[in-house]
Every structure is written in C-alpha cells, then in structure tokens.
Amino acid sequence: MAFGTDLLLEPQFAARQSTMAARLTDFYSPAEALRMLTSDNAELVALAGERNPYRKAALGQVKEGAWADLVLVDGNPLEDFSLIGNPDEAFVVIIKDGQIHKNTL
C-alpha cells in the first residue's frame, strides 16, 4: 500500500493532507502507516520504469548520491501518530533534495 492524494494539486487543500495521513492509524499500525507514507511510495514510483523521474538515483536511502527527504519529528510517531497531522509544530527539521527547508533546533 502507498499513500497519495490529489490534494496537493489544490493549494488551498494541501494542509489537509497531513490531517488525512494522521488518520491512517484508524486502519493501520503506526509502523505500517509510516511505511505507506515513505518507502512504499518510493517502491511504487520505481515500478514506473522508464517513466520514473527518479530512476537515476536510489530513493529513500540515506547515502551519497541517493534522493532522500528527511524529517526530524519532535516526538515518536510510532507512539503518537497524531504528530504527523501537525507538521508545523512537530516537524522541527525538514531536508528536501539535500537542502534544509526548516530547522527550528
């Protein structure tokens, strides 16, 4: 399973994506939900073969040359998955494409 939504195509609704993601634990364990939000999506994109825009780099791995986004959460989402639904407060560091986009430490 992979998690996705068309909400990102509508900027006024994009913030709701985090709220929807946090509700995944209504049906899945926190660990299953985190996999759906992260590595399962990378595996799904990889299935696109030549259409995969990321095919030239490893996805979801933290190593030189790989494409990985990193999020440092203030808390443990495996114990309190509601943190995912409040990224403005709970996500204290966000690194995307090797660039720091947020750092409140």
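If you're wondering where the values come from, they're calculated on a predicted model, not measured in any experiment.

Enquirer: How do you make sense of the overall build of the protein chain when you look at a structure like this?
Expert: Counting secondary structure elements, the protein chain contains 4 helices and 3 strands. Listing the helices and strands of the protein chain from first to last along the sequence gives α-α-α-β-α-β-β. Here the C-alpha atoms of the protein chain give a radius of gyration of 14 Å, agreeing with the 13 Å that 2.2 N^0.38 yields for 105 residues. By its C-alpha atoms, the protein chain is 35 × 30 × 30 Å across when sized along the principal axes. Buried residues in the protein chain amount to 21% of all 105 residues. Side-chain charges of the protein chain comprise 9 positive and 15 negative groups, with the mean position of each set lying 8 Å from the other.

Enquirer: Before we go on, may I ask you to explain the side chain of Asp40 in this structure?
Expert: You can see Asp40 is positioned in helix H3 (residues 39–46). Of the side chains bearing the opposite charge, Arg35 lies closest to the buried Asp40, which forms no salt bridge; the N-O distance is 5.2 Å. Not counting residues within four places of it along the chain, the set of residues in contact with Asp40 comprises Met1, Ala2 and Arg35.

Enquirer: Just checking my understanding: could you explain the pairing of strand S2 (residues 91–96) for this structure?
Expert: On any regular strand, side chains alternate: one points to one face of the sheet, the next to the other face. As paired strands, strand S1 (residues 70–73) and S2 are joined by 4 bridges and run antiparallel to one another. Considered in S2, the bridge of Leu72 is made with Val93. Where S2 lies against strand S3 (residues 99–103), 4 bridges are found, and the strand directions are antiparallel. Residue pairing across strands places Lys96 opposite Gln99, the latter belonging to S3.

Enquirer: Would you take a moment to explain the sheet that holds S1 for this structure?
Expert: As a general point, the strands of a sheet are linked pairwise by backbone hydrogen bonds and lie either parallel or antiparallel. The 3 strands are arranged S1-S2-S3 in an open sheet whose pairing can be described as antiparallel. Two strands close off the open sheet at either side, each with one partner strand: S1 and S3. Strand-to-strand twist across the sheet, computed as the mean angle between neighbouring axes with direction ignored, equals 10°.

Enquirer: Is there a simple way to explain the nonpolar core in this structure?
Expert: Burial of nonpolar side chains together is a common tendency in soluble globular proteins. Grouped together as the largest cluster of nonpolar side chains are 11 residues: Phe3, Ala21, Leu24, Ala33, Met36, Val73, Phe81, Leu83, Ile84, Ala90 and Phe91. The contacts of Ala90, once residues within four sequence positions are left out, are Leu72, Val73, Asp74 and Leu83.

Definitions and cut-offs
- Residues numbered from 1 in each chain as written.
- Predicted model: local features only at pLDDT ≥ 70, side-chain atom pairs only at ≥ 80, totals over all residues.
- Heavy atoms only, no water.
- Helix = DSSP H or I, 4+ residues; strand = E, 2+ residues; numbered from the N terminus.
- Rg over C-alpha atoms; globule rule 2.2 N^0.38 Å.
- Buried < 20%, exposed > 50% of the residue type's maximum accessible area, 1.4 Å probe, protein only.
- Lys, Arg positive; Asp, Glu negative; His and termini not counted.
- Charge placed at Lys NZ, Arg CZ, Asp CG, Glu CD.
- Salt bridge = Lys/Arg side-chain N within 4 Å of Asp/Glu carboxyl O.
- Contact = heavy atoms within 4.5 Å.
- Pairing = 2+ DSSP bridges.
- Axes fitted to C-alpha atoms, helices over the stretch in contact; angles between N-to-C directions.
- Core = buried A, V, L, I, M, F, W, Y, C linked by side-chain atoms within 4.5 Å.

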